[in-house]
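# Architecture and fold: a report
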Amino acid sequence: MLIGDVARRSGVSARMLRHYESLGLVRPTGRTEAGYREYSGEDIRRIFHIESLRSLGLSLRDVGSALDDPGFKPSELVGDLIRQTLERIASETALLTRLHRIGAAEPAAWEDVLQIVGLLQALGSESAGKRQRAVLSSVAEVQVPLPVEALVEALLSETDPNVAGALRWALAERADGGGSALLAQALGSPAPEVRLRAVQAIAEIDSSESTALLQEALAHADVAVRRHAALALGARGVADAVATLIDMIAEEANDVAAADALGALACRPELADRITAGLVNRLAHAAAGPSARRRLAQALAEIPGEAASRALADLSHDEDRAVALTAAYVIGVRKARAGE
């Protein structure tokens, strides 16, 4: 079969067939009397083998090795191809993400595009200082701000506390930019550190949407998420946080901040007695150890009203001397405050 016939039947151009011949990949088995290349059936099968291997992404050098080296191991080659393909996909995905983010910023001119590209590059810098400056400038100095998606992704992977604080501030400044919804998705992450970063950021966004998300987070399986949500809700005056805040005091988990949050909530008369009842019930709980009971008794100091005063008076005669002394001390503090 002459080269033109092979080209038509195989779909490989005559020029490429000559190139394969120059590389030694395939050689026609004969020549006609006129000197034209003549390919045998075996030659054509080899051409199809070459094309099949090229379709997998092999270089022509690797194709030659695969066909001619008896010690060639296909498994190693396939492993290399998988790795190279994954790297290429990751690179293309990163590029696609970057383009989406530039598009989301709605740049009006090439200067805007270049500015966004520069900020995104700085946001991915190994230098914490550069990352922090990029975040701050994106809010305070740049005409076209960084897309919220980029800020959320950076926050969820940020380990430097100063950069993380800047990112939370930037997201709080963009409260209506959809950041809360993206952070809510991160609460379902399998990584506990990502969940914590997400709830911390939600807590700093002042919106009804973030408050609703924090209320949902009170039932989260991650205790750290529940506790952080409770502290934030307590500061916002949301009564749903009371039970978790009492648990935090009993379990000595940021108990001082939890007691302060309960005290702030108890300034509302309709909540003071409810909080008192919750603290007293937890005091009587069989699982509450001596140190937990002392902390719970001390927390009553921040709760106004007669119900709290009666509870303290009862506790001043408690069988646990440490609890009784704590209650007596708190009574003294409350009387001193009342006399001021």
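All of the points below concern the structure found in this document.

Analysis parameters
- Residues numbered from 1 in each chain as written.
- Predicted model: local features only at pLDDT ≥ 70, side-chain atom pairs only at ≥ 80, totals over all residues.
- Heavy atoms only, no water.
- Helix = DSSP H or I, 4+ residues; strand = E, 2+ residues; numbered from the N terminus.
- Buried < 20%, exposed > 50% of the residue type's maximum accessible area, 1.4 Å probe, protein only.
- Contact = heavy atoms within 4.5 Å.
- Areas by Shrake-Rupley, 256 points an atom, 1.4 Å probe, with all protein chains shown as cover.
- Axes fitted to C-alpha atoms, helices over the stretch in contact; angles between N-to-C directions.
- Parallel < 35°, antiparallel > 145°, perpendicular 65-115°, else oblique.
- Left-handed = near helix turned anticlockwise from the far one by under 90°.
- Patch = residues over 30% accessible without salt bridge, like charges linked within 9 Å, V, L, I, M, F, W, Y side chains within 5 Å.
- Salt bridge = Lys/Arg side-chain N within 4 Å of Asp/Glu carboxyl O.
- Core = buried A, V, L, I, M, F, W, Y, C linked by side-chain atoms within 4.5 Å.
- Expected span 1.5 Å × (residues − 1).
- Polar contact = N/O pair within 3.5 Å; in protein donor to acceptor, adjacent residues only side chain to side chain.

This paragraph deals with the overall build of the chain. Broken down by element type, the chain carries 19 helices and two strands. Scored against the burial criterion, the 340 residues of the chain give a buried share of 40%. Sequence separation of at least 24 residues holds for 52% of the intrachain contacts in the chain that already meet a minimum separation of 6. Carbon and sulfur atoms make up 52% of the accessible area of the chain, which totals about 18,800 Å².

What follows deals with the packing of helix α13 (residues 223-235) against helix α14 (residues 242-250). Relative orientation of the contacting elements α13 and α14 amounts to 120°, with a least axis distance of 9 Å. Here α13 lies oblique to α14, going by the angle between them. Read as a crossing pair, α13 and α14 show a hand that is left-handed. Of the residues in α14, those in contact with Arg226, Arg227, Ala230, Leu231 and Gly234 of α13 are Thr244, Leu245 and Met248.

The subject of this paragraph is a nonpolar patch on the surface. Taken together, the side chains of Val78, Ile82, Leu86 and Ile89 make up a nonpolar region of the molecular surface, amounting to roughly 370 Å² of accessible area. Tracing the sequence through the fold places isoleucine 89 in helix α5 (residues 74-104).

Our next topic: the environment of leucine 187. By secondary structure assignment, the location of leucine 187 is in the loop between α10 (179-186) and α11 (192-203). By relative accessible area, which is 10% here, leucine 187 ends up buried. Here the alpha-carbon distance between leucine 187 and arginine 197, two residues 10 residues apart in the chain, equals 8.8 Å.

Here the focus is the nonpolar core. Residues Leu183, Leu245, Leu262, Ile275 and Leu279 are the most contacted members of the largest nonpolar core, which totals 74 residues. Residue contributions to this core peak at seven residues, all from helix α8 (residues 148-157). Ranked by size, the runner-up nonpolar core spans 17 residues in total, among them Val12, Ile44, Ile50 and Leu58.

At glutamate 252, a residue that is not glycine, the phi angle is positive and equals roughly 55°. Relative to the helices and strands, glutamate 252 is located in the loop between α14 and α15 (255-265).

For the coordinates displayed, the defined rule picks out 14 salt bridges. With its nearest N and O atoms 3.8 Å apart, the salt bridge here joins arginine 54 to glutamate 51. Placement of the pair is arginine 54 and glutamate 51 together in helix α3 (residues 41-55), with a separation of three residues, close to one helical turn. Between arginine 168 and glutamate 204 there is a salt bridge, and its shortest N-O distance comes to 2.9 Å. Note that arginine 168 is positioned in helix α9 (residues 161-173) and glutamate 204 in the loop between α11 and α12 (208-217), a separation of 36 residues in sequence. Residue classification places arginine 168 among the buried residues on the basis of a relative accessible area of 17%. The network of salt bridges with shared partners includes Arg227, Asp247, Glu251 and Arg282.

With that out of the way, let us pick up the packing of α10 against α12. The geometry of α10 relative to α12 is characterised by a closest axis approach of 9 Å and an angle of 15° between their N-to-C directions. Taken together, the axes of α10 and α12 lie roughly parallel to each other. As α10 runs across α12, the sense of the crossing is right-handed. Between α10, through Ser180, Ala181 and Ala184, and α12, the contact on the second element is made entirely by Glu209, Ser210 and Leu213.

Attention now goes to α9. Two residues of an α-helix separated by three or four positions point the same way, owing to the 3.6 residues in each turn. Given a rise of 1.5 Å per residue, 13 residues ought to cover 18 Å, and the 18 Å separating the end C-alpha atoms of α9 matches this to within 8%. Taken residue by residue, α9 has Val163, Ala164, Ala166, Leu167, Arg168, Ala170 and Leu171 as its buried positions. The backbone nitrogen of asparagine 162 lies 2.9 Å from a side-chain oxygen of the residue at the head of α9, namely aspartate 160.

By the element assignment, aspartate 318 lies in the loop between α18 (306-315) and α19 (321-339). A relative accessible area of 18% means that aspartate 318 is categorised as buried. Within the structure, the side chain of aspartate 318 is placed 2.8 Å from the side chain of arginine 293, a separation counted as a polar contact. Within polar-contact distance, the side chain of aspartate 318 engages the backbone nitrogen of aspartate 320 at 2.8 Å.

Along the polypeptide, arginine 195 turns up in helix α11. Classification of arginine 195 as buried rests on a relative accessible area of 14%. Within polar-contact distance, the side chain of arginine 195 engages the backbone oxygen of serine 189 at 2.8 Å. Residues within four places of arginine 195 in sequence aside, it is in contact with Ala186, Leu187, Ser189, Pro190, His220, Asp222 and Val225.

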